[in-house]
Amino acid sequence: MTSEQSHKVHLSTEDQERLRELRAQKPARNAPRLALTPGAMLADRVAETVGSWRFIIIQSVLLGIWIVLNMLAFINHWDPYPFILLNLVLSFQAAYAAPIIMMSQNRQSDIDRRHAEHDYRINVKAELEIELLHNKIDALREQEILQLLNIIQRLSAQLAPELVASIEAGAVPGEA
């Protein structure tokens, strides 16, 4: 593109600077990656396990076995009917599972926030690139229109003397 056209194709200086930064960052190629600590990996693993159907089914079966064995125990009821020991075990499990799941959710929230920020940068870059392409296409179209107008003016200048002469002679060109 010529230097005459380059100032017709423009973005605001803010947008140009932002586009230059985004091009240097290459946000589409540099997806955010996080290094997981052992605690974060454990929290994710626990949340993944506790939040699965497999865990719910296994826990339900174990609770059922616990209750049935205590109800049918002929000699030794280690946890009689109100199942206070079972309640203690489940409370203990909930007391540890809840904070671990919350840690995993907080970390996942941070990951989602970073991905949203990353997606936003990509979208801004795409918007600026598209705007720049629109401006370039508009400039090319304007240049093409100017060239066509120039050609029409030259043709008119060449044909005008012939038209004037033929009108004065009383004949229209091309009818002879």
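So, here is what we can say about the structure in this document. (Residues numbered from 1 in each chain as written. Predicted model: local features only at pLDDT ≥ 70, side-chain atom pairs only at ≥ 80, totals over all residues. Heavy atoms only, no water.)

Within the protein chain, the regular secondary structure consists of five helices and zero strands. From first element to last, N terminus to C terminus, the protein chain shows the α and β order α-α-α-α-α. Out of the 176 residues belonging to the protein chain, those deemed buried represent 15%. Accessible area of the protein chain: about 14100 Å², with a carbon and sulfur share of 63%. (Helix = DSSP H or I, 4+ residues; strand = E, 2+ residues; numbered from the N terminus. Buried < 20%, exposed > 50% of the residue type's maximum accessible area, 1.4 Å probe, protein only. Areas by Shrake-Rupley, 256 points an atom, 1.4 Å probe, with all protein chains shown as cover.)

Take the packing of aromatic side chains next. Between two aromatic rings, the relevant description is the distance of the centres plus the angle of the planes. Tallied over the entire structure, the rule returns three aromatic pairs. Residues Tyr81 and Phe83 carry aromatic rings whose centres are separated by 5.9 Å and whose planes lie at 65° to one another, so their mutual orientation is edge-to-face. Residue Tyr81 is classed as exposed on the basis of its relative accessible area, which comes to 63%. The class for Phe83 is buried, based on a relative accessible area of 12%. (Phe/Tyr/Trp six-rings, centres within 6.5 Å; stacked < 30°, edge-to-face > 60°.)

The next point concerns unusual backbone geometry. A positive phi angle, near 50°, is found at Phe83, a position not held by glycine. Within the element layout of this structure, Phe83 appears in the loop between helix H4 (53–72) and helix H5 (84–169).

Let's shift gears to the environment of Pro99. Turning to its location among the elements, Pro99 is positioned in helix H5. Judged by its relative accessible area of 42%, Pro99 is partly exposed. Residues Pro99 and Ala43 lie 56 residues apart in sequence; the distance between their C-alpha atoms is 9.0 Å.

On the surface, a cluster of nonpolar side chains totalling about 1200 Å² of accessible area is made up of Trp53, Ile56, Ile57, Ile58, Val61, Leu62, Ile65, Leu69, Trp78, Leu85, Leu88 and Val89. If you list the elements that add at least two residues to the nonpolar patch, you get H4 and H5. Considering each element in turn, the nonpolar patch owes the most residues, eight residues, to H4. Of note, Val89 is situated in helix H5. On the basis of relative accessibility, which here comes to 41%, the residue Val89 falls in the partly exposed class. (Patch = residues over 30% accessible without salt bridge, like charges linked within 9 Å, V, L, I, M, F, W, Y side chains within 5 Å. Salt bridge = Lys/Arg side-chain N within 4 Å of Asp/Glu carboxyl O.)

So, about the pattern of salt bridges. Pairs can form between side chains of opposite charge whenever their charged atoms are close. A complete count under the given rule lists four salt bridges for this structure. We note a salt bridge from Arg20 to Glu17, for which the minimum N-O separation is 3.2 Å. Residue Arg20 and its partner Glu17 are located together in helix H2 (residues 13–25), separated by three residues, close to a single helical turn. Owing to a relative accessible area of 49%, Arg20 belongs among the partly exposed residues under this scheme.

Among the nonpolar cores identified, the biggest contains six residues, and these are Leu11, Leu19, Leu22, Val124, Leu128 and Leu132. Counting residues per element, this core draws most heavily on H5, which supplies three residues. Residues contacting Leu128, with those up to four places away along its chain left out, are Leu11, Asp15, Arg18 and Leu19. (Core = buried A, V, L, I, M, F, W, Y, C linked by side-chain atoms within 4.5 Å. Contact = heavy atoms within 4.5 Å.)

Over its 13 residues, H2 runs 18 Å from end to end, which matches the ideal 18 Å to within 8%, given 1.5 Å per residue. The positive-phi residue at the C-terminal boundary of H2 is Lys26, with phi of around 50°. (Expected span 1.5 Å × (residues − 1).)

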